Amino acid sequence: MKEIITLQSEKTLFFKRKRVAAYARVSVESEPMLHSVNAQISYYSKLIQNNPDWDYIGVYADRGITGTKIQKRDAFQELMNECEKGNVDIILCKSISRFARNTVDLLESVRRLKKLGVEVRFEREKISSFSKEGELILTILASFAQEESRSISENVKWGMRRKYASGEAKAWNKHVYGYRFDDELNQYVFILDEAKIVREIFNMY
């Protein structure tokens, strides 16, 4: 009787490289802040491209945009669209506050990405959205970030009101129609021709 020998074919395991993007944001469009976001772009570009297990998708950056409203952040929305298309596996971000300061927006975005199979890694806090305790920690830390943002906003508004009350509002805008800022007097003075128009507008209102 002939002996039948069955040959077992070896299964080849294919390793799929992760498609990785990064997100960066600064809320003030000043030179130091722009330098900061450019440094983040350079850092994450090198970090992703130097990892042999990753494919570089890009660094998405919003400049001079508040973190409390994700709808106003074009780069963030573009990144989310790429995730919806299935083009991203991992998002790297410097910190929770850079990703979003609004707790609700943060959690909704992270949960939306999680459903799409996209992991978000926050470098400063060393948190992954895929970890078991990730969402709980994100909720707590995002609440702190949101309160910090609200506190800063209130302090800035208070400072502006005080400056306006004392006639020292030049830090925000020297060009006010009907007035000219006098640097020597450190206060606004009337421009009579323009002041007439301002009074007329006021009376019409």
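Please refer to the structure higher up on the page.
What comes next concerns the included structure. All figures in this text were calculated on a predicted structure; none of them were measured in a lab.

## Description of the side chain of S97
Phase 1 of the analysis: Tracing the backbone shows S97 in helix α3 (residues 96-99).
Phase 2 of the analysis: A polar contact is formed between the side chain of S97 and the side chain of S95, at a distance of 3.1 Å.

## Details of the environment of R17
Phase 1 of the analysis: With respect to the helices, strands and loops of the structure, R17 is situated in the segment before β1 (18-26).
Phase 2 of the analysis: By relative accessible area, R17 is classed as partly exposed at 36%.
Phase 3 of the analysis: In this structure, R17 is in contact with P52, D53, W54, D55 and D89, ignoring residues within four places of it in sequence.
Phase 4 of the analysis: Within the local environment of R17, its side chain forms a polar contact with the backbone oxygen of P52, the two atoms lying 2.5 Å apart.
Phase 5 of the analysis: Of note is the side chain of R17, whose polar atom sits 2.8 Å from the backbone oxygen of W54.

## Here's the deal with the nonpolar core
Phase 1 of the analysis: Ranked by internal contacts, the top residues of the largest apolar core, which has 24 residues, are I91, F99 and F122.
Phase 2 of the analysis: Those elements that provide at least two residues to this core are β1, α2 (74-84), β3 (90-93), α3, α4 (103-115) and β4 (119-122).
Phase 3 of the analysis: Of all the elements, α2 adds the most residues to this core, at 5 residues.
Phase 4 of the analysis: Leaving out residues up to four positions away in the same chain, I91 has contacts with A21, Y23, L79, C83, F99, L113, V118, E119, V120 and R121.
Phase 5 of the analysis: V20, A22, V59 and L92 belong to the second-largest nonpolar core, a separate cluster that totals 8 residues.

## A closer look at the packing of α2 against α4
Phase 1 of the analysis: Packing of α2 against α4 brings their axes to within 10 Å, and their N-to-C directions diverge by 25°. As judged from the angle between their axes, α2 and α4 are roughly parallel. Crossing of α2 against α4: the hand is left-handed. Where α2 approaches α4, its residues F76, M80, C83 and E84 are matched on the opposing element by S109, R112 and L113.
Phase 2 of the analysis: Considering only residue class, the contact of α2 with α4 consists of 4 nonpolar, 1 polar and 2 charged.

## Focus: the pattern of salt bridges
When charged atoms on two side chains of opposite charge get close, those side chains can pair.
Phase 1 of the analysis: Under the definition given, this model contains 5 salt bridges.
Phase 2 of the analysis: Linking R17 and D55 is a salt bridge whose minimum nitrogen-to-oxygen distance equals 2.7 Å. Of this pair, R17 sits in the segment before β1 while D55 sits in strand β2 (residues 54-63); the two residues are 38 residues apart in sequence, bridging distant segments of the chain.
Phase 3 of the analysis: Its relative accessible area of 30% is what places D55 among the partly exposed residues.

## What about helix α6 (residues 192-204)?
Phase 1 of the analysis: If you check α6, its first and last C-alpha atoms are 18 Å apart, about what 13 residues at 1.5 Å a residue would give, namely 18 Å.
Phase 2 of the analysis: Counted residue by residue, α6 has 1 buried out of 13 residues, so it is predominantly exposed.

## Topic: the sheet that holds strand β5 (residues 127-128)
Phase 1 of the analysis: The mixed open sheet is built from 5 strands, whose spatial order is β2-β1-β3-β4-β5. Whereas interior strands pair on both sides, the edge strands pair on one side only; in this sheet they are β2 and β5.
Phase 2 of the analysis: Alignment of β4 against β5, held across 2 bridges, turns out to be antiparallel. Of the residues in β5, the one forming a bridge with F122 is I127.
Phase 3 of the analysis: Docked against the sheet, α2 engages β1, β2 and β3, running at close to 150° with respect to β2.

Rules and cut-offs
Residues numbered from 1 in each chain as written. Predicted model: local features only at pLDDT ≥ 70, side-chain atom pairs only at ≥ 80, totals over all residues. Heavy atoms only, no water. Helix = DSSP H or I, 4+ residues; strand = E, 2+ residues; numbered from the N terminus. Polar contact = N/O pair within 3.5 Å; in protein donor to acceptor, adjacent residues only side chain to side chain. Buried < 20%, exposed > 50% of the residue type's maximum accessible area, 1.4 Å probe, protein only. Contact = heavy atoms within 4.5 Å. Core = buried A, V, L, I, M, F, W, Y, C linked by side-chain atoms within 4.5 Å. Axes fitted to C-alpha atoms, helices over the stretch in contact; angles between N-to-C directions. Parallel < 35°, antiparallel > 145°, perpendicular 65-115°, else oblique. Left-handed = near helix turned anticlockwise from the far one by under 90°. Nonpolar A, V, L, I, M, F, W, Y, C, P; charged D, E, K, R; others polar. Salt bridge = Lys/Arg side-chain N within 4 Å of Asp/Glu carboxyl O. Expected span 1.5 Å × (residues − 1). Pairing = 2+ DSSP bridges.

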